[in-house]
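# Coordinate inspection notes
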Amino acid sequence: MALSGLDIYKLLPKTNCKECGFPTCLAFAMKLSQKGVELSACPYVSDEAKAALEAASSPPIRLITIGTGENKIVVGNEVVLFRHEKTFYHEPGLVVRVADSWEPGKIAEVVSQVDSYVVERVGMKLTLNGIAVENVSGDATKFVQVVQLVKQKTALPLVLMSANAAAMDAALQIAGPDKPLVYAATPENWQAYADLAKKYACSLAITDSGDLSRLGSLAESVIKAGVADLVLDPGTRNLADSLASLTQLRRLALKKNLRLLGFPILALAGGDDSTLEEQTILATELIAKYAGIVVLGRFDPTGIYPLLAFRQNIYTDPQKPIQVSPGLYKFGEPGEQSPLLITTNFSLTYFTVAGEVEGSGVPSWLVIADSEGMSVLTAWAAGKFDAEKIAKSVKSAGMDDKLGHRKLVIPGYVATLSGEVEEELPGWQILVGPREAVDIPSYLKTVWKAA
Amino acid sequence: MPVTVELPKEKWNGKVREITLGATPAQGGTRTSTVTVGGETTLPFLHFEGSIPYRPAIAVEIQDVPPQDWSTTLLEAWDTAASDPVSWAKKAVELGADALAVKLRGTHPERQSRSAAEAAETVKAILGAVGVPLIVYGPEVAEKDNEVLVAVAEAAAGERLALGNCEDKNYRTIVAGALAHGHLVVAKTPIDVNLAKQLNILISDMGLPLDRVLMDPTTGALGYGIEYTYSVMERLRLAALMGDSMTQQPMICTVGEESWRQKESKVKDGVPSLWGDFAERGPLWEMATAMALLQSGADILVLRHPKTIKTMRETISKLMSS
Ligand code: SF4
C-alpha cells in the first residue's frame, strides 16, 4: 500500500537541513510520495524508516518466479479483487501432475503431451506451464529417477512434491538449478524444507489444512528462517472451502496489507479419484478466484482447452478492448472474382471470422471496419458500424480496383442495413451473410457460389 | 509466536431480491413445485460472510419445435424426446430441471411461423404435463414476441411464468401482459450496468413489482466474450450488496444457448486434435461457462445438455455446503 506524503514525513528526521535539495523535509516527503525523487537523496533517514518505506512500496502480493528461461512461471503482484477494478496481471500457471508410482512409459507420454500442448485463440498461442512430480512412492531413488525422466522430456518448470525431506534433497540435487517450486513445508517439517529452499535458492510452498492462522504462523517461521519467496497452499480442496480460503487470502493481502500471507496461492484441482468434469469445474473456479498456480490431477486435452480459453478471458485487461487494425485482409490468394466480406475490428470478431474464412479454403477478401473495438451487434447499436462506415471502409480499401464484381457480404446481424449500404455504394449488390461465423464456410461454398 | 489471522468480512447492507417462479394451486396456479432464487447478502457462495438462502436454480431449455441448428451432441443426447415439447419437458424434469425455459422458436416468421394461439396451446400442454415453473421465451422478434407472449400470459394466467425477453425497445406489451395475468418478466440488456438499471426502472415504473423481474445481463460464452458478462455481473452484484435497489434483481444466464452456438461445441471435423473429444467438448464448454457465471452471481442457469444438468446440480450442492 502506498504511503501518503504525510506518512513519509513522519518517518523523516524533520530537521529541514535542505541537503536533499528540497527546502523542507515535508516538501521532500511530498515529492517522494509522487515517486519524483529517490529516498537515497536524504542522507539522514534511519534504517527503521528505510525498512518501513521499502515495505510500503513493495507489492502486497509478492512476485514469484518458478523455473528459468522463456518458460518460467511468474505469478503474484495482483492488486485487485475484481478484474473490473483494474485488471488481473499474471495468469495462473497451469501445471499437470504426474506420480512417481506410475509406469515410466505413462509418465513420459503425459509429460510429452503437456510439453507440446498448444492451441491458438485470438491470435495467441495458449499452452500449459509446467509439470508437478509427486513422490507418491515415498522412495527417494524412485523420485529422483522420475524427476530425471521428466527433465529429459520437457524444459517446462517443475513443482516437486514430496513429504520426504531426503527425497526432496536428492531431487533438488539434479533439478535445483532449474528453480523448481519446492512443495511443501508443513508445521511438522518446515525447518528442513526451509533449509532446502535456501540451499537451492528455490521458492517454497507452505501448506496447512485450511486454517489461515496456522498458515500465517508457518509463514512467519519460514520467513524468519530466511526464505523470502513463498507460495501458499491453504489446503482446502473442495469448491466451497477453496473459494472461501482463496478469497480470504486475497483480501488479507490487499485490504489488510498482511505481509505474512502476501504470496501467490497454489491449489490442487483433481486427483486420481475425481472425474474430468470435477477437475474442470474446480479449476475454473480457481482461475476466476485467485489461484496463482493450479495443479491439475489429470491431463486430458478436452479438459485443458476450456481452462486455457477461460484463463485468457479472465486475464484480458478490461480497460483495453482488444482491437485489430482496420483495413483489408487477404485469405489464400484472392482474385478479381473472389468474395468480399466485411466485419468489425473487435479482435474476437476478427479472429472468429478470419478463422472460418481461412478454414473454408475459399480465397477471400475481408475488410475490417474501424468499430472502435466493438463486436458487430454492439457496434451497430452504438452507431459505429452503419451503412456509411461500411461504404467508407470498402472504398478506402480500394476494392473498386481490385474486384471484377461488385458484391459485398455483410454480417447477418446487420441484415437491416443492406438497403442503406446499397444507397451508399451505388452499383454494388449487398449480400446478407450468416449471423454466426461458424456458418461462413458453407455460405461461401453454396450461397456465394450461386450469387 | 502463533499468529492470529482475523478473517476479513465485508459488511454489506444490501440484499438481492427474493423472487419466486411458479404458483401452486393454493397460490392461484397449478405448479407442484416452485423455485425461489435471490436473497443473497454476500458475494457468491461466501457462506462465512452472509446468507445465501436459496440454491441457484437450473432451468432446462426446451423448444416448441425440434431444433434445426443444434449440435449433434445435443440432438443425440435428447434423441426422440426432443421431437415434441411435452415429451421433452418430461424428460428434462426427470433429469433434474428445477424449471423449464420454453423457447417458442416455431413462432418465428422465418421458421414455422406458428400462431400465437398455437404457442399458447403448447405452453398449456407443457403445464399440464409437468409440475415445475416455466420461463417462456418468444421468437425474439419484437412484434411477434408481443403477440405470442401476451397470448401465453393470458392462457396461463396465475401460473407465475417468467416471460422473456423484455428489452429496452420492446418491454411495454410484455410487462403489461405479466401485470394483467400474474406473471414475471425477464429483463435483458446488452452487457451494461446502467442499461440494466434503466430497464429495471422502466419496468417498475409500469407498476410491475420488482420481485417479479429477473435480470438477464446477456451471456457471453467461454472464449466468446465471457469476460464481459463476468465483470458486468460482478459489478451488478457488488452494487446490489452496496444497496443500489435497481441492481438487486436475481440474474439469469442463458448458458446453454451461448455455449452451444460456438464452434467448439458444434464442429466435429477439421478442428485441431488438441481440442479433444468432440462428444465431451461441448458439455465441458457448457459446464465451464456455467461455473464461471455462478462465480460472478448467476441465480438461474439455463442449460441444454443432460450431462451439464447433472454435473451442475452436483456442483451447486457442493458450493452450497459450508
Ligand atoms: S535531507 Fe533529509 S533531513 Fe534534510 S531536509 Fe531533506 S529530508 Fe529533511
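Residues numbered from 1 in each chain as written. Chains lettered and ligands numbered in written order. Predicted model: local features only at pLDDT ≥ 70, side-chain atom pairs only at ≥ 80, totals over all residues. Heavy atoms only, no water.

## Remarks on the overall build of chain A
Put simply, the rule reads: Secondary structure elements follow DSSP: runs of H or I of four or more residues count as helices, runs of E of two or more count as strands, with numbering from the N terminus. For a compact globule the rule gives 2.2 Å times the number of residues to the power 0.38, and the radius of gyration it is set against comes from C-alpha atoms. Exposure is judged per residue with a 1.4 Å probe applied to protein chains only, and the accessible area is read against the type maximum: over 50% gives exposed, under 20% gives buried, and values in between give partly exposed. Contacts were defined at the residue level, with two residues in contact if any of their heavy atoms lie within 4.5 Å.
Looking only at helices and strands, one finds 17 helices and 17 strands in chain A. Relative to the 2.2 N^0.38 estimate, which gives 22 Å for 451 residues, the radius of gyration of chain A is 28 Å and therefore markedly larger than a compact globule would have. Each principal axis of the C-alpha atoms in chain A carries an extent, and together these give about 80 × 70 × 35 Å. Here chain A, with 451 residues, has 53% of them falling under the buried criterion. For chain A, long-range pairs separated by at least 24 residues make up 65% of all intrachain contacts whose partners lie at least 6 apart in sequence.

## Structural notes on the interface of chain A and chain B
Threshold: When two parts are brought into contact, each loses some accessible area as probed by a 1.4 Å sphere; the total of that loss over both is the buried area. The term salt bridge refers to a pairing of a side-chain nitrogen on Lys or Arg with a carboxyl oxygen on Asp or Glu at a separation within 4 Å. Between N or O atoms, a polar contact is any pair within 3.5 Å; within protein, one atom must be a potential hydrogen donor and the other a potential acceptor, and residues adjacent in sequence are included only when both atoms are from side chains.
On the chain B side, the residues contacting the 52 residues of chain A number 52 residues. The largest share of the area that chain A buries against chain B comes from A:Arg251, A:Ile281 and A:Thr302, three residues that together contribute 13% of it. The tally of links from chain A across to chain B stands at seven salt bridges. For the interface between chain A and chain B, the tally reads 20 residue pairs in polar contact (both at pLDDT 80 or more).

## Looking at unusual backbone geometry
With omega at 0 degrees, the peptide bond leading from A:Tyr183 into A:Ala184 counts as cis. Considering the arrangement of structural elements, one finds A:Ala184 in strand 8 (residues 181-185). Cis rather than trans, the peptide bond between B:Gly164 and B:Asn165 has omega equal to 0 degrees. Looking at the element boundaries, B:Asn165 is found in strand 6 (residues 162-166). Positioned with a positive phi, A:Asn77 is a non-glycine residue whose angle comes to about 60 degrees.

## Side note on the packing of aromatic side chains
All names here are of chain A. Put simply, the rule is: Pairing of aromatic side chains here covers Phe, Tyr and the six-membered ring of Trp, requires ring centres within 6.5 Å, and sorts the geometry by plane angle: under 30 degrees stacked, over 60 edge-to-face, intermediate tilted.
This model, assessed by the stated rule, comprises 10 aromatic pairs over all chains. On the numbers, 5.5 Å between centres and 55 degrees between planes, the contact of Phe88 with Tyr315 is tilted. Of the two residues, Phe88 sits in the loop between strand 2 (73-75) and strand 3 (93-99) while Tyr315 sits in the loop between helix 11 (301-314) and strand 13 (327-331), which places them 227 residues apart along the sequence. With relative accessibility at 3%, the residue Phe88 sits in the buried group. Pairing Tyr329 with Tyr350 gives two aromatic rings, centres 4.8 Å apart and planes at 50 degrees, and the pair type is tilted.

## With respect to the pattern of salt bridges
What the rule picks out here adds up to 31 salt bridges over all chains. Here B:Glu61 makes a salt bridge to B:Arg304, at a shortest N to O gap of 2.9 Å. One end of the pair, B:Glu61, is in strand 3 (residues 57-63); the other, B:Arg304, is in the loop between strand 10 (298-303) and helix 11 (306-320), with 243 residues separating them in the sequence. Given a relative accessible area of 2%, B:Glu61 falls into the buried group. Via salt bridges that share partners, A:Glu436, B:Glu258 and B:Arg261 belong to a single interconnected network.

## Topic: the site of the ligand
The test is simple: Only a single heavy atom is needed: when it lies within 4 Å of a molecule or strand, its residue is near that molecule or strand. Three categories are distinguished: nonpolar for Ala, Val, Leu, Ile, Met, Phe, Trp, Tyr, Cys and Pro, charged for Asp, Glu, Lys and Arg, and polar for the others, with Gly belonging to the last.
Around the ligand, the structure places A:Pro13, A:Thr15, A:Asn16, A:Cys17, A:Lys18, A:Glu19, A:Cys20, A:Cys25, A:Phe28, A:Cys42 and A:Pro43. Considered class by class, the residues forming the shell around the ligand number seven nonpolar, two polar and two charged.

## Regarding the nonpolar core
For soluble globular proteins, nonpolar side chains are generally found buried alongside one another. As a reminder, the rule being used: Buried Ala, Val, Leu, Ile, Met, Phe, Trp, Tyr and Cys residues that are joined via side-chain atoms within 4.5 Å together make up what is termed a nonpolar core.
Grouped together as the largest cluster of nonpolar side chains are 170 residues, with contacts concentrated most on A:Leu160, A:Leu204, A:Ile206, B:Leu100 and B:Ile203. Element by element, the count of residues in this core is highest for helix 10 (residues 278-295) of chain B, at nine residues. When neighbours within four sequence positions are excluded, A:Leu160 is seen to be in contact with A:Val133, A:Phe143, A:Val147, A:Met168, A:Ala171, A:Leu172, A:Ala175, A:Pro180, A:Leu181, A:Val182 and A:Tyr183. The next biggest cluster of nonpolar side chains, apart from the first, holds 23 residues, and it includes A:Phe385, A:Ala387, A:Ile390 and A:Ile430.

## What about the sheet that holds strand 12 (residues 293-296) of chain A?
Residue and element names in this part refer to chain A. Test applied: Strands were regarded as paired on the criterion that DSSP finds at least two bridges between them. Lines fitted to C-alpha atoms define the axes, with helix axes restricted to the stretch in contact, and inter-axis angles between N-to-C directions lie between 0 and 180 degrees.
Spatial ordering of the open sheet is given by 10-9-8-7-6-3-12-11, a layout of eight strands whose pairing is parallel. This sheet does not close on itself; its edge strands, each paired only once, are strand 10 (230-233) and strand 11 (266-269). Ignoring strand direction, the axes of neighbouring strands in this sheet form an average angle of 25 degrees. In this structure, strand 11 lies alongside strand 12, joined through four bridges in parallel fashion. Residue Ala267 lies in a different strand from strand 12, and its bridge partner there is Val294. The strands touched by helix 6 (residues 165-175) within the sheet are strand 7 (158-161) and strand 8, with strand 7 carrying the most contacts at an inclination of about 160 degrees. Sheet strands in contact with helix 10 (residues 276-288) are strand 3, strand 11 and strand 12, and its direction is about 160 degrees off that of strand 11.

## So, the pairing of strand 10 of chain A
Side-chain direction in a regular strand flips from residue to residue, so the side chains alternate between the two faces of the sheet. Residue and element names in this part refer to chain A. Using the following cut-off: Handedness rule for crossovers: strands pointing away from the viewer, path from the first strand over the helix to the second running clockwise, crossover right-handed.
Covered by surrounding structure in strand 10 are Leu230 and Leu232 together with Val231 and Asp233, the residues of both alternating faces. In terms of strand pairing, strand 9 (residues 204-207) meets strand 10 through four bridges, oriented parallel. Along strand 10, the bridge assignment pairs Ala205 with Val231. Running through helix 8 (residues 212-224), the crossover from strand 9 to the neighbouring parallel element strand 10 is right-handed.

## As for helix 8 of chain A
Residues and elements named next belong to chain A. To be explicit about the condition: Between the first and last residue of a helix there are one fewer steps than residues, each counted as 1.5 Å, and that sum is the expected span.
In this model helix 8 runs 18 Å from its N-terminal to its C-terminal C-alpha over 13 residues, within 8% of the 18 Å that 1.5 Å per residue would give. When helix 8 is considered as a whole, its buried residues turn out to be Leu212, Ser213, Leu215, Gly216, Ser217, Leu218, Ala219 and Val222. Buried residues along helix 8 sit in contact with strand 8, helix 7 (190-200), strand 9, strand 10 and helix 9 (239-254). Where helix 8 begins, the capping side chain belongs to Asp211, and its oxygen is found 2.8 Å from the backbone nitrogen of Ser213.

## Observations concerning the domain arrangement of chain A
Note the cut-off: Just so you know, the domain bounds were taken from an automatic or database domain assignment.
Partitioning chain A into structural domains gives domain 1 (5-57), domain 2 (64-314) and domain 3 (327-450). Relative to domain 2 of chain A, the C-alpha centre of domain 1 of chain A lies at a distance of 39 Å.

## Examining helix 9 of chain A
All names here are of chain A. For helix 9, which comprises 16 residues, the first-to-last C-alpha distance of 22 Å matches the rise-based estimate of 22 Å (1.5 Å per residue) to within 8%. Across the 16 residues of helix 9, 15 count as buried, placing the element largely inside the fold. N-capping of helix 9 is provided by Asn238, with a side-chain oxygen placed 3.1 Å from the backbone N of Ala240.

## Focus on a negative patch on the surface
Residues and elements named next belong to chain A. This is how it is decided: Patch criteria: residues need more than 30% relative accessible area and no salt bridge. Like-charged residues are merged within 9 Å; nonpolar side chains of Val, Leu, Ile, Met, Phe, Trp and Tyr are merged within 5 Å. The method behind every accessible area is Shrake-Rupley, applied with a 1.4 Å probe, and residues are considered shielded solely by the protein chains displayed. His is not counted, nor are the chain ends, whereas Lys and Arg count as positive and Asp and Glu as negative. Where a charge lies is defined by one atom per residue type, namely NZ (Lys), CZ (Arg), CG (Asp) and CD (Glu).
A contiguous patch of negative charge on the surface is contributed by Glu388, Glu420, Glu422, Glu423 and Glu424. The leading source of residues in the negative patch is helix 16 (residues 418-424), at four residues. Its location among the elements puts Glu388 in helix 14 (residues 387-396).

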